Amino acid sequence: MADPSPAAGAARDSHPGLAEVAAAYQRFEPGAYLRNNYAPPRGDLSVADGVGPWKLRCLAQTFATGEVSGHTLIDIGSGPTVYQLLSACAHFEDITMTDFLEVNRQELGLWLREEPGAFDWSGYSRHVCLIEDKGESWQEKERQLRARVKRVLPVDVHQPQPLGAGSLAPLPADALVSTFCLEAVSPDLASFQRALDHITTLLRPGGHLLLIGALEESWYLAGEARLGVVPLCEEEVREALVCSGYKVRDLRTYTMPAYLRTGVDDVKGIFFAWAQKKVGV
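Rules and cut-offs
- Residues numbered from 1 in each chain as written.
- Predicted model: local features only at pLDDT ≥ 70, side-chain atom pairs only at ≥ 80, totals over all residues.
- Heavy atoms only, no water.
- Helix = DSSP H or I, 4+ residues; strand = E, 2+ residues; numbered from the N terminus.
- Rg over C-alpha atoms; globule rule 2.2 N^0.38 Å.
- Buried < 20%, exposed > 50% of the residue type's maximum accessible area, 1.4 Å probe, protein only.
- Contact = heavy atoms within 4.5 Å.
- Areas by Shrake-Rupley, 256 points an atom, 1.4 Å probe, with all protein chains shown as cover.
- Lys, Arg positive; Asp, Glu negative; His and termini not counted.
- Charge placed at Lys NZ, Arg CZ, Asp CG, Glu CD.
- Expected span 1.5 Å × (residues − 1).
- UniProt positions renumbered as here; feature names shortened; annotations may be inferred.
- 1 Å grid on protein atoms, 1.4 Å probe; cavity = no way out; pocket = protein on both sides within 12 Å on 5 of 7 lines; lining within 4 Å.
- Pairing = 2+ DSSP bridges.
- Phe/Tyr/Trp six-rings, centres within 6.5 Å; stacked < 30°, edge-to-face > 60°.

A. Quick peek at the overall build of the protein chain. Along its length, the protein chain carries 9 helices and 9 strands. Relative to a compact globule of 281 residues, whose C-alpha radius of gyration would be 19 Å, the protein chain shows 17 Å and is just as compact. Across the 281 residues of the protein chain, 57% fall into the buried class. A fraction of 73% describes how many contacts in the protein chain between residues 6 or more apart in sequence connect residues 24 or more apart. Taken as a whole, the protein chain presents about 11,300 Å² of accessible surface, with 52% of it coming from carbon and sulfur. On the protein chain, the mean spot of the 27 positive side-chain charges and the mean spot of the 36 negative ones are 3 Å from each other.

B. How the structure looks around helix H8 (residues 189–200). The terminal C-alpha atoms of H8 lie 17 Å apart, and with 12 residues this matches the ideal 16 Å at 1.5 Å per residue to within 8%. Three or more residues of H8 are buried, namely Ser191, Phe192, Gln193, Ala195, Leu196, His198, Ile199 and Thr200.

C. Here's a closer look at the UniProt feature "binding site: S-adenosyl-L-methionine" (unreviewed entry) in the protein chain. The UniProt feature table records "binding site: S-adenosyl-L-methionine" (unreviewed entry) at Tyr33, Tyr38, Gly77, Ser78, Tyr83, Asp99, Asn104, Asp156 and Val157. Sequence-wise these annotated residues cover 125 residues; spatially they are dispersed, their C-alpha atoms as much as 24.3 Å apart. Of the residues named above, Tyr33, Tyr38, Gly77, Ser78, Tyr83, Asp99, Asn104, Asp156 and Val157 line the largest cavity. Within the fold, Tyr38 resides in helix H3 (residues 30–38). Residue class for Tyr38 comes out buried when judged on its relative accessible area of 5%. If near-sequence neighbours (up to four positions away) are discounted, Tyr38 is found in contact with Tyr33, Gly43, Lys55, Thr81, Tyr83, Phe119, Trp121, Tyr124 and Phe180. When you line up the elements, Gly77 lands in the loop between strand E1 (72–76) and strand E2 (94–99). For Gly77, a relative accessible area of 8% puts it in the buried group.

D. Quick peek at the pairing of strand E9 (residues 269–277). For E9, the buried fraction is high: 8 of the 9 residues fall into the buried class. In this structure, strand E8 (residues 246–255) lies alongside E9, joined through 9 bridges in antiparallel fashion. Across the sheet, the residue bridging to Asp250 is Trp274, located in E9.

E. Examining the packing of aromatic side chains more closely. Counted under the stated rule, the structure contains 13 aromatic pairs. On the basis of an interplanar angle of 35° and a centroid distance of 5.5 Å, the ring pair of Trp54 and Tyr254 is categorised as tilted. Within this pair, whereas Trp54 is found in helix H4 (residues 51–64), its partner Tyr254 is found in strand E8, the two being separated by 200 residues in sequence. Judged by its relative accessible area of 9%, Tyr254 is buried. Through a chain of ring-to-ring contacts, the aromatic side chains of Tyr25, Phe28, Tyr33, Tyr38, Tyr83, Phe119, Trp121, Tyr124 and Tyr220 assemble into a single cluster.

F. Main features of the side chain of Ser191. Examined against the element boundaries, Ser191 turns out to sit in helix H8. Ser191 sits in the buried class, given a relative accessible area of 1%. Apart from residues lying up to four places away in sequence, Ser191 is in contact with His15, Leu18, His158 and Ser186.

Pasting the structure below:
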């Protein structure tokens, strides 16, 4: 694992919970995480009330407004997934993907370079093309995303400079995306708030944040790793965004149906938030 700044260890030492989180993630298995969440049943995109179609629809509808656009976008805590950028890539020319774990950055590299063993995201690409209805093929969609991801960098959201000093990403960004990251790497609500504050420094005033995360979840599995999660409710998400200097433009929730509660976590639902950073923050 590569820490983006020398101060990372010191920051985790100051909050023992952060050190425990970092240690737990050493056992994170990208392949197991992808199977648990992005292969059927959760990865079945043909089911109208499924979690996958809901997330993709939230993102597509928000980008379709035309308001979330610009030159640069940073995806905070990408994990081993790319679906969160399929609608975004038409609106930004320079995309930075990030993750704390080298194994996740390697997994992203397999897909970006079209190498053997990469996870197959074509079902997600097809679904996004279907709901966007622009006459674009899924192959064109994937080519565009690969072309616009310019770099994959280490990130540590618990650092005041999450990308480290002298970051290779152009800053400040016009927009941020972050999916299932902040609540999954924070030992408590205060740490979640600080992490949100930290990533907000990467965003220009007036810029947009699209945040997707778990509701009322306390743990999830990724192979042998059992990872803790801050259990959030909708109002805590809203309050955190306001405290970090955002105007909440949209906040939606999804209740996980019983057939998708598969024993790989205890998640009760998902939230989608579109927030705009206030000028002067």
